[in-house]
Amino acid sequence: MKQVVVHPEYCLGCMQCMTACAIAHSQTHSLFYAVLEDPVPKSRIHVGAGLFGEGFPNRCRHCDPAPCMTACLSGAISRIPETNTVYIDPDKCINCASCSMVCPFGVIRYHKDISAISGKITAVKCDNCHERQIQGQIPACVEACKSNALTFEEPSEAMKRKTNKTACTMSSETMKIPAASGFDLLNAVKKVQAEIKTC
């Protein structure tokens, strides 16, 4: 089953995924009109900064078993088998924060959302763009990511590719191939900038 796979080494920190996520979960699905909505739509993916200022897209991993589902006192969290999505029912959520306390990735937020009754603050997290997937689309964050830091694929394929890449770096022939890439250069610049700031 395809899932959103995060490749942090490719993240540029542009936050286009956050914008696309917020728009996908808005009433109008339009950037220009979404900012005027009440409540203002918020992203369910969060880009943080690493040690050297590099971006890291943090989102729900839809764990199996999911600690948030086990901790939910009201039974508001369940799994949608068709997309393997851990889903929060805003009508059942009692805003107790038990789910966020056990989430190992810190991706559950609390705010007003269009999926809840008017004015209710509820637990909100990635829903794997379930509605978009039903329409045959890929999750909005993946569609917006142009650096391939987010991909929508079988996790086994992503792991196989990573294994092959690691195997290539261990090969004695690798030393003969220049390994420079735009991302290596970008991260090197960010590392130097971070070192200058600490001096």
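What comes next is a walk through the structure. The model shown is predicted, which means the values in this text are computed figures rather than measured ones.

How each quantity is defined
- Residues numbered from 1 in each chain as written.
- Predicted model: local features only at pLDDT ≥ 70, side-chain atom pairs only at ≥ 80, totals over all residues.
- Heavy atoms only, no water.
- Helix = DSSP H or I, 4+ residues; strand = E, 2+ residues; numbered from the N terminus.
- Buried < 20%, exposed > 50% of the residue type's maximum accessible area, 1.4 Å probe, protein only.
- Contact = heavy atoms within 4.5 Å.
- Lys, Arg positive; Asp, Glu negative; His and termini not counted.
- Charge placed at Lys NZ, Arg CZ, Asp CG, Glu CD.
- Polar contact = N/O pair within 3.5 Å; in protein donor to acceptor, adjacent residues only side chain to side chain.

Scanning the protein chain for helices and strands turns up eight helices and eight strands. For the protein chain, the C-alpha atoms occupy an extent of roughly 60 × 35 × 35 Å along the three principal directions. Relative to its full complement of 199 residues, the protein chain shows a buried share of 38%. Intrachain contacts of the protein chain at a sequence separation of at least 6 include 58% that bridge at least 24 residues. When the 21 basic and 18 acidic side-chain charges of the protein chain are each reduced to a single mean position, those positions are 4 Å apart.

Glancing now at the environment of Ser74. Structurally, Ser74 is set in the loop between helix H3 (67-71) and strand S4 (77-80). Since its relative accessible area comes to 28%, Ser74 is described here as partly exposed. With sequence-adjacent residues up to four places away left out, Ser74 is seen in contact with Lys92, Cys93 and Ile94. Reaching out from Ser74, the side chain makes a polar contact with the backbone oxygen of Lys92 at a distance of 2.9 Å.

Moving on to unusual backbone geometry. In this model, Asp38 is joined to Pro39 through a cis peptide bond whose omega is 5 degrees. Mapped onto the elements of the fold, Pro39 is located in the loop between helix H2 (31-34) and strand S2 (46-49). The linkage connecting Asp64 with the following residue, Pro65, adopts the cis geometry, with an omega of 5 degrees. Along the polypeptide, Pro65 turns up in the loop between strand S3 (55-58) and H3. Here Asn128, not a glycine, exhibits a phi torsion of approximately 60 degrees, which is positive. Its location among the elements puts Asn128 in the loop between strand S7 (121-124) and helix H5 (130-134). One non-glycine residue, Cys129, lies in the positive phi region at around 50 degrees. Along the chain, the position of Cys129 falls in the loop between S7 and H5.

Turning our eyes to something else, we now look at the environment of Thr83. Along the chain, Thr83 turns up in the loop between S4 and strand S5 (85-88). As for Thr83 and Gln3, which are separated by 80 residues in sequence, their C-alpha atoms are 8.1 Å apart.

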